[in-house]
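Descriptive structure summary
Chain residues, written in single-letter form:
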Amino acid sequence: MARGNRSKETVERYRKLRRRFAWGIGAVVLFYLLVPLIVGDMGLVKYFKMRQTQHQLQEEIQQLSEENKKIEGDIHALRSDPARIEQVARERLGLVRPGEVVYQFQAPPRKETPPPAPQP
């Protein structure tokens, strides 16, 4: 069936309608592609959270590395430094040199106070 003659206004109206339809389809496709990009399993939100976690873990690794260096220094001192060995023996084991006097202080015993009586 052959098309009949259409007026210029009708042709323009169909052209605008097709253009709107194409823009609508394009918008739907764009929306369909952008939503997973932003909030999907590997979207931007997840990416920024993972980046923040990475920075926190790097800081924690740095702190633990510094702590390990301190502990390694203590181990080295305990193996080779007589002054450090003596210090630890005095602190932890309560050892004293001959002729030294040790004073031990005890905290006064705490008196238990009875709980206040309920008010009538």
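Scope of this entry: the structure provided in the associated data block. (Residues numbered from 1 in each chain as written. Predicted model: local features only at pLDDT ≥ 70, side-chain atom pairs only at ≥ 80, totals over all residues. Heavy atoms only, no water.)

A word on the overall build of the protein chain
- The helix and strand inventory of the protein chain stands at 3 helices and 0 strands.
- Listed by position from the N terminus, the elements making up the protein chain come as α-α-α.
- In terms of overall dimensions, the protein chain is more spread out than a globule: its C-alpha atoms have a radius of gyration of 40 Å, far above the 14 Å expected for 120 residues.
- Here the C-alpha coordinates of the protein chain stretch approximately 125 × 70 × 20 Å along the principal axes.
- Relative to its 120 residues, the protein chain shows a buried fraction of 4%.
- Charge centroids of the protein chain, computed over 21 positive and 14 negative side chains, lie 23 Å from each other. (Helix = DSSP H or I, 4+ residues; strand = E, 2+ residues; numbered from the N terminus. Rg over C-alpha atoms; globule rule 2.2 N^0.38 Å. Buried < 20%, exposed > 50% of the residue type's maximum accessible area, 1.4 Å probe, protein only. Lys, Arg positive; Asp, Glu negative; His and termini not counted. Charge placed at Lys NZ, Arg CZ, Asp CG, Glu CD.)

A short note on a nonpolar patch on the surface
- Taken together, Leu30, Phe31, Leu34, Val35, Leu37, Ile38, Val39, Leu44, Val45, Tyr47 and Phe48 make up a surface patch of nonpolar side chains, about 1,000 Å² in accessible area.
- Elements represented by at least two residues in the nonpolar patch include exactly helix 1 (8-39) and helix 2 (44-80).
- With 7 residues, the single largest contributor to the nonpolar patch is helix 1.
- One can find isoleucine 38 in helix 1. (Patch = residues over 30% accessible without salt bridge, like charges linked within 9 Å, V, L, I, M, F, W, Y side chains within 5 Å. Areas by Shrake-Rupley, 256 points an atom, 1.4 Å probe, with all protein chains shown as cover. Salt bridge = Lys/Arg side-chain N within 4 Å of Asp/Glu carboxyl O.)

Regarding the pattern of salt bridges
- What the rule picks out here adds up to 4 salt bridges.
- A salt bridge links arginine 15 to glutamate 12; the nearest nitrogen and oxygen atoms lie 3.2 Å apart. Separated by 3 residues within a single helix, arginine 15 and glutamate 12 lie in helix 1, roughly one turn from each other.
- Relative accessible area serves as the criterion here: at 40%, arginine 15 is assigned to the partly exposed category.
- As a salt-bridge pair, arginine 97 and glutamate 86 come within 2.9 Å of each other at their nearest N and O atoms. Of the two residues, arginine 97 is situated in the segment after helix 3 (82-93) and glutamate 86 in helix 3; the sequence distance between them amounts to 11 residues.

Some thoughts on the packing of aromatic side chains
- In the structure shown here, the tally under the stated rule is 1 aromatic pair.
- Centroid distance tyrosine 47 to phenylalanine 48: 5.3 Å. Interplanar angle 65 degrees. Geometry classified as edge-to-face. (Phe/Tyr/Trp six-rings, centres within 6.5 Å; stacked < 30°, edge-to-face > 60°.)

Focus: the environment of glutamate 86
- Judged by relative accessible area, glutamate 86 falls into the partly exposed class, the value being 28%.
- Sequence separation of glutamate 86 and arginine 97 is 11 residues, and the distance between their C-alpha atoms is 9.9 Å.

A closer look at the packing of helix 2 against helix 3
- Packing of helix 2 against helix 3 brings their axes to within 6 Å, and their N-to-C directions diverge by 100 degrees. One finds that helix 2 runs roughly perpendicular with respect to helix 3. Between helix 2 and helix 3, the contacting residues are Asp74, Ala77, Leu78 and Ser80 on the first element and Pro82, Arg84, Ile85 and Val88 on the second.
- Taken together, the residues of the contact of helix 2 with helix 3 break down into 5 nonpolar, 1 polar and 2 charged. (Axes fitted to C-alpha atoms, helices over the stretch in contact; angles between N-to-C directions. Parallel < 35°, antiparallel > 145°, perpendicular 65-115°, else oblique. Contact = heavy atoms within 4.5 Å. Nonpolar A, V, L, I, M, F, W, Y, C, P; charged D, E, K, R; others polar.)

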